[in-house]
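# Summary of structural features
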Amino acid sequence: MSSPPTRPSWFARLADRFGATVSFLCAVHCALLPLVIAALPMLGLGFLADHRFERVFVVFAGVLALSSLLVGFRRHQSFRAFWFLVPGIVLLLSGIVVDVDHAAVGHAVLVSIGGVLVAFAHVVNLRLAHVHVHDECCGH
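First, a word on what this report is: a plain description of the structure on this page.

Cut-offs applied
- Residues numbered from 1 in each chain as written.
- Predicted model: local features only at pLDDT ≥ 70, side-chain atom pairs only at ≥ 80, totals over all residues.
- Heavy atoms only, no water.
- Helix = DSSP H or I, 4+ residues; strand = E, 2+ residues; numbered from the N terminus.
- Expected span 1.5 Å × (residues − 1).
- Buried < 20%, exposed > 50% of the residue type's maximum accessible area, 1.4 Å probe, protein only.
- Arc of directions from axis to C-beta.
- Contact = heavy atoms within 4.5 Å.
- Core = buried A, V, L, I, M, F, W, Y, C linked by side-chain atoms within 4.5 Å.
- Polar contact = N/O pair within 3.5 Å; in protein donor to acceptor, adjacent residues only side chain to side chain.
- Phe/Tyr/Trp six-rings, centres within 6.5 Å; stacked < 30°, edge-to-face > 60°.

Below, the discussion takes up helix α3 (residues 82-97). When the terminal C-alpha atoms of α3 are compared, their 22 Å separation across 16 residues agrees well with the 22 Å that a helix rising 1.5 Å per residue should span. Where α3 is concerned, the buried positions are F82, L85, G88, L92, G95 and I96. Considered in projection along α3, the buried side chains sweep an arc of 155° and stay on one side of the axis. Turned more than 90 degrees from where α3 packs its buried face, W83 and V97 sit exposed. Those residues of α3 hidden inside the fold are in contact with α2 (51-76) and α4 (104-129).

Membership of the largest hydrophobic core comes to 14 residues, with the highest contact counts inside it found for L69, F82, L85, L92 and V118. Looking at this core, the element that brings in the most residues is α4, giving 5 residues. Among all residues touching L85, those that are not within four sequence positions of it are A65, L66, L69, V118 and A121.

This brings us to the side chain of S78. Relative to the assigned elements, S78 resides in the loop between α2 and α3. A polar atom in the side chain of S78 sits 3.3 Å from the backbone nitrogen of R80. Ignoring any residue separated from it by four or fewer positions in sequence, one finds S78 in contact with F73 and L128.

Position of G115 among the secondary structure elements: in helix α4. Spatially, the C-alpha atom of G115 lies 8.9 Å from that of V58, the residues being 57 residues apart in sequence. Excluding residues that lie within four positions of it along the chain, G115 makes contacts with S23, F24, A27 and L92.

On to the side chain of S68, then. Here S68 is to be found in helix α2. Overall, S68 belongs to the buried group, its relative accessible area being 0%. Setting aside residues no more than four positions away along its own chain, S68 makes contact with A15, D16, H122 and N125.

Let us now look at the packing of aromatic side chains. Counting across every chain of the model gives 6 aromatic pairs. Plain terms: the ring middles of F73 and F82 are 6.4 Å apart, the flat faces sit at 75° to each other, and that makes the pair edge-to-face. Like F82, F73 is buried. Relative to F82, the ring of F79 has its centre 6.1 Å away and its plane inclined at 55°; by these criteria the two rings are tilted. Under the relative-accessibility criterion, F79 is labelled exposed at 52%. Classification of F82 as buried rests on a relative accessible area of 13%. The rings of F18, F57 and F60 are connected pair by pair, giving a single aromatic cluster.

In structure tokens:
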């Protein structure tokens, strides 16, 4: 007899919400950056256009997403969120490899779509973790 499903841990709930929000903001940042790159230094935000910042952020987003989805997978046993995470990470990594100085639009498209997919993977993981699990303990 299996034990009744438990509520997702505070880490799982917080990580998915944080990850979805940050991944979405990253996608917006990447989509808008080519348009506002000249204004960033005037606003004191020039570091946002630095490629090192972007690379560190992509690694952080990938590690957070993978950790969060693995914790979620242990609960819901569904690979559905990984269907969005894997292509999202591949697009993000492809985007940071592209030479931004010669292919700014391609870079922006790759990282924007990748960020949206990673954000969507977090949302799917959250939804999967909060659905009702039907088992022998279920009353209907």
